[in-house]
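# What the coordinates show
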Amino acid sequence: MRHLLKLVLVLGGFVAIPVWAEVRSVETHFFQSKLGDFQAELENVKKDNKKGIFLFFEMDDCPWCARMKANILNQSAVQDFYRSNFLIYSVDVKGDVPMIDFNGKPTTEKAFALENRVRATPTMLFVDGTGKILTRFTGPTRSVDEMLLLGRYVVDDSYKQMPFTKYKQAAPAVSTIRIE
């Protein structure tokens, strides 16, 4: 039963996975199909009344990216929250796929990653409707709650007042799924 996850208690830091967590495909329920033109996607941000664009920079052989996809980005709560607030795209840091950046310049995924100072994977960028980077998070999130908190940090404009680490410390502790 994919909708009913088993309760998992393991030594070493794992906590209980709630039985109400729904797991769905990352490719069909989280990432959106790219048009290959991020400048055009900026218009969709406005048209769809979104906060901005969420970019997930990854590569095939990244164990942390795979872990996030298998344990965090596949959770319905994460997918629903991010889909309601952002357009969501994956960018392959080694990809040679042609694309258009936010300024209308032809490039490739690999060059786009380098231009945006992506040096490790995963790296997550939140971009506003004008193509300006609001904030970045490098490395995997540790839990579903941290991923949701990261999204709320941007949606609530808290990135303007404090760094994410300080925001996390001020947030009430809620624990559902933790990845160790």
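Now for a quick tour of the structure. Predicted model, so just to flag it, every value in this text is computed and none were measured.

On to the overall build of the protein. A tally of regular secondary structure across the protein gives seven helices and six strands. Taken from N to C terminus, the helices and strands of the protein fall in the order α-α-β-α-α-β-β-β-α-β-β-α-α. Accessible surface computed for the protein: about 9600 Å², of which carbon and sulfur atoms make up 57%.

On to the pattern of salt bridges, then. For the structure shown, the criterion picks out ten salt bridges. Of the charged contacts, one joins Asp 80 and Arg 24 as a salt bridge, the two residues approaching to 2.5 Å between their closest N and O atoms. On the criterion of sequence distance, the pair formed by Asp 80 in helix α4 (residues 76-85) and Arg 24 in the segment before α1 (26-29) is long-range, its members being 56 residues apart. Given the relative accessible area of 15%, Arg 24 is considered buried. Among the ionic pairs, Lys 51 bridges to Asp 157, the shortest N-O distance being 2.4 Å. Of the two residues, Lys 51 is situated in the loop between α2 (38-47) and β1 (52-58) and Asp 157 in the loop between α6 (144-155) and α7 (164-170); the sequence distance between them amounts to 106 residues. Residue classification places Lys 51 among the partly exposed residues on the basis of a relative accessible area of 25%. Connected via shared salt-bridge partners are Lys 51, Asp 157 and Lys 160.

Counting residues in hydrophobic clusters, the biggest one holds 29 residues, and the most contacted among them are Phe 30, Phe 54, Leu 73, Val 78, Tyr 82 and Met 147. Of all elements in the fold, only β1, α3 (63-71), α4, β2 (86-92), β5 (123-127), β6 (133-138), α6 and α7 reach the threshold of two or more residues within this core. Here the element with the most residues in this core is α6; it accounts for seven residues. Ignoring sequence-local partners within four residues, the contact set of Val 78 consists of Phe 30, Ile 72, Leu 73, Val 144, Met 147 and Leu 148. In terms of nonpolar packing, the next biggest core, distinct from the first, is built from 17 residues, Phe 38, Ile 53, Phe 57 and Leu 87 among them.

Here we come to unusual backbone geometry. Here the bond from Thr 121 into Pro 122 is cis, since omega is -5°, no more than 30 degrees from zero. For Pro 122, the position within the fold is in the loop between α5 (109-115) and β5.

When the terminal C-alpha atoms of α6 are compared, their 17 Å separation across twelve residues agrees well with the 16 Å that a helix rising 1.5 Å per residue should span. Those residues of α6 not exposed but buried are Val 144, Asp 145, Glu 146, Met 147, Leu 148, Leu 149, Leu 150, Gly 151, Tyr 153 and Val 154. Asp 157 lies just past α6 and shows a positive phi near 65°.

Each value, and the rule that gives it
In this numbering scheme, every chain counts its residues from 1 along its sequence in written order. pLDDT decides what is reported in this predicted model: residues at 70 or higher carry local features, side-chain atom pairs at 80 or more are listed and counted, and totals for whole chains, interfaces and linings draw on all residues regardless. For side-chain calculations, the full set of non-hydrogen atoms in the structure is used, while hydrogens and water are omitted. Helix and strand assignments follow DSSP, with helices taken as H or I runs no shorter than four residues and strands as E runs no shorter than two, numbered in order from the N terminus. All accessible areas in this document rest on Shrake-Rupley with a 1.4 Å probe, and a residue is counted as covered only by the protein chains that are shown. The term salt bridge refers to a pairing of a side-chain nitrogen on Lys or Arg with a carboxyl oxygen on Asp or Glu at a separation within 4 Å. For the exposure calls, accessible area comes from a 1.4 Å probe over protein chains only, and a residue counts as buried if that area is under 20% of its type's maximum, exposed if over 50%, partly exposed in between. To define a nonpolar core, start from buried Ala, Val, Leu, Ile, Met, Phe, Trp, Tyr and Cys residues and group those joined through side-chain atoms within 4.5 Å. The contact definition used throughout considers only heavy atoms, calling two residues in contact when any of these lie within 4.5 Å. Here, expected helix span is obtained from the residue count minus one, scaled by 1.5 Å.

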